[in-house]
Amino acid sequence: MLKIFAGGDPVPILRTRSEWHRAKLAELEGYLEAVGDDPLWQGVRASLQVGVNYNRMLLEAMERFLDAQAATGSS
């Protein structure tokens with residue numbers, strides 16, 4: 001975000017970052033599935049759920065921005 005704030009073209013930056021968040025989301029979802037419902041892993045599961053939600057939220061925001069840029073023909 002600092003690169004964009006400093007004047008960088010947001011489209012290629014956010015495309016790259018969205019790919020990273022998509023991969024991280026898949027990774028965390030895999031860990032979450034592996035942890036399952038075992039009560040011993042309650043803290044780990046909670047942490048993973050927050051990570052999944054955080055990355056999903058950022059990815060959705062980036063994709064909305066990129067879709068809006070594509071619709072207007074920007075960059």
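Structure shown above.
Keep in mind that this is a model prediction, so the values were computed, not measured.

A. Inspection of the overall build of the protein at higher detail. Broken down by element type, the protein carries 3 helices and 0 strands. The linear arrangement of helices and strands in the protein, starting from the amino end, is α-α-α. The C-alpha atoms of the protein give 16 Å as radius of gyration, which overshoots the globular expectation for 75 residues (11 Å, by more than 25%). The dimensions of the protein, computed from C-alpha atoms along their principal axes, are 50 × 25 × 15 Å. The buried share of the protein, taken over its 75 residues, is 21%. Across the protein, contacts joining residues at least 24 apart in sequence account for 59% of those joining residues at least 6 apart. Total accessible area on the protein is roughly 5400 Å²; 59% of this is exposed by carbon and sulfur atoms. Positive and negative charge centroids in the protein, built from 8 and 10 side chains respectively, lie 6 Å apart.

B. A look at the packing of aromatic side chains. Summed over all chains, the structure comprises 0 aromatic pairs. Sitting over the face of the ring of Trp20, Arg17 holds its NZ or CZ atom 4.8 Å from the ring centroid.

C. Spatial organisation of the side chain of His21. Relative to the helices and strands, His21 is located in helix α2 (residues 10-35). Polar side-chain contacts of His21 include one of 2.7 Å to the side chain of Asn55. In contact with His21, not counting residues within four places along its chain, are Asn55, Leu58, Leu59 and Met62.

D. Fine view of the packing of α2 against helix α3 (residues 42-72). Where α2 meets α3, the axes come as close as 8 Å, and the angle between the chain directions of the two elements is 155°. Taken together, the axis directions place α2 and α3 in an arrangement best described as roughly antiparallel. Considering only the axes of α2 and α3, their crossing is left-handed.

E. View of the pattern of salt bridges. The full count for this structure, using the stated rule, is 3 salt bridges. For Glu29, the salt bridge is made with Arg56, and the minimal N-O distance between the two is 2.6 Å. Separated by 27 residues along the polypeptide, Glu29 in helix α2 and Arg56 in helix α3 bring together distant segments of the chain. Using a relative accessible area of 31% as the deciding quantity, one classes Arg56 as partly exposed.

So, how was this worked out
- Residues numbered from 1 in each chain as written.
- Predicted model: local features only at pLDDT ≥ 70, side-chain atom pairs only at ≥ 80, totals over all residues.
- Heavy atoms only, no water.
- Helix = DSSP H or I, 4+ residues; strand = E, 2+ residues; numbered from the N terminus.
- Rg over C-alpha atoms; globule rule 2.2 N^0.38 Å.
- Buried < 20%, exposed > 50% of the residue type's maximum accessible area, 1.4 Å probe, protein only.
- Contact = heavy atoms within 4.5 Å.
- Areas by Shrake-Rupley, 256 points an atom, 1.4 Å probe, with all protein chains shown as cover.
- Lys, Arg positive; Asp, Glu negative; His and termini not counted.
- Charge placed at Lys NZ, Arg CZ, Asp CG, Glu CD.
- Phe/Tyr/Trp six-rings, centres within 6.5 Å; stacked < 30°, edge-to-face > 60°.
- Lys NZ or Arg CZ within 6 Å of the ring centre and 35° of its normal.
- Polar contact = N/O pair within 3.5 Å; in protein donor to acceptor, adjacent residues only side chain to side chain.
- Axes fitted to C-alpha atoms, helices over the stretch in contact; angles between N-to-C directions.
- Parallel < 35°, antiparallel > 145°, perpendicular 65-115°, else oblique.
- Left-handed = near helix turned anticlockwise from the far one by under 90°.
- Salt bridge = Lys/Arg side-chain N within 4 Å of Asp/Glu carboxyl O.

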